[in-house]
Amino acid sequence: MKRMSSRDIIAMAVLSAVIIVISAVGVFAAGALSPEQKFLKRQTKSCPNCSLIGASLGDADLRGANLSGANISGANLSGAQLTYTIWTDGSKCSHNSVTTCSK
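It should be emphasised that the depicted structure is a prediction, and the values quoted were computed from it without experimental measurement.

A few words now on the overall build of the protein. Within the protein, the regular secondary structure consists of two helices and zero strands. When contacts within the protein are restricted to residue pairs at least 6 apart in sequence, those whose partners lie at least 24 apart make up 2%. Accessible area of the protein: about 6900 Å², with a carbon and sulfur share of 59%.

Structure (structure tokens):
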């Protein structure tokens, strides 16, 4: 078996380090959630300019949420609590708004 030179050992170490860094970046990037995903998982109540087309938001507690500029076409908001939510047009829903944004 041929003995590796110090130059070969350094090259292998650098290559190994590069592979580890690229792998770690890929894992973190795959785990990153979009604003829409965070909103739908209820991790945030802020989703301005989000695409929530056809989203299932029935019975969701969206009190005080920010939906300014969001597209909610076809979304199910049945029973959703919308009190003081910033609506898609930038206006604020009134107290006791449920299912529809009362202004």
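What follows picks up the thread again.
Another aspect to go through is the state of the cysteines. With the rule as written, the count across this model stands at two disulfides. Through a disulfide, C47 is tied to C50; the S-S separation comes to 1.9 Å. Taking the sign of the S-S torsion, about -100 degrees here, the bridge from C47 to C50 comes out left-handed. An identical accessibility class is assigned to C47 and C50; each is buried. Cysteines bonded in the protein are numbered consecutively along the chain; their disulfide partners then correspond to 1-2, 3-4.

To continue, consider a nonpolar patch on the surface. Taken together, M4, I9 and M12 make up a surface patch of nonpolar side chains, about 300 Å² in accessible area. Using a relative accessible area of 48% as the deciding quantity, one classes M12 as partly exposed.

Before going further, it helps to spend a moment on unusual backbone geometry. In the Ramachandran plot, N49 falls in the positive-phi region, its phi being about 60 degrees despite a non-glycine side chain. With respect to the helices, strands and loops of the structure, N49 is situated in the segment after α2 (35-40). Positive phi is not limited to glycine here, since T99 has a value of about 70 degrees.

All right, on to the environment of T83 then. Positionally, T83 belongs in the segment after α2. Judged by its relative accessible area of 7%, T83 falls in the buried class. Along the backbone, T83 and S102 are 19 residues apart, and their C-alpha atoms lie at a distance of 8.5 Å. The contact partners of T83, leaving out residues within four places of it in the chain, are R63, G64, C93, S94, H95, N96 and S97. Polar contacts involving the side chain of T83 include one to the main-chain amide nitrogen of N96, which spans 3.0 Å. A distance of 3.4 Å separates a polar side-chain atom of T83 from the backbone nitrogen of S97.

In this section: the environment of T88. Summarising the element assignment, T88 is placed in the segment after α2. What makes T88 partly exposed here is its relative accessible area of 24%. Sequence-wise, T88 and C50 are 38 residues apart; in three dimensions their C-alpha atoms are separated by 9.7 Å. What T88 contacts, discounting residues up to four positions off in sequence, is L67, S68, G69, A70 and I72.

Conventions used here
Residues numbered from 1 in each chain as written. Predicted model: local features only at pLDDT ≥ 70, side-chain atom pairs only at ≥ 80, totals over all residues. Heavy atoms only, no water. Helix = DSSP H or I, 4+ residues; strand = E, 2+ residues; numbered from the N terminus. Contact = heavy atoms within 4.5 Å. Areas by Shrake-Rupley, 256 points an atom, 1.4 Å probe, with all protein chains shown as cover. Disulfide = S-S within 2.5 Å. Buried < 20%, exposed > 50% of the residue type's maximum accessible area, 1.4 Å probe, protein only. Patch = residues over 30% accessible without salt bridge, like charges linked within 9 Å, V, L, I, M, F, W, Y side chains within 5 Å. Salt bridge = Lys/Arg side-chain N within 4 Å of Asp/Glu carboxyl O. Polar contact = N/O pair within 3.5 Å; in protein donor to acceptor, adjacent residues only side chain to side chain.

Remember that the coordinates give geometry; whether it matters functionally is a separate question.
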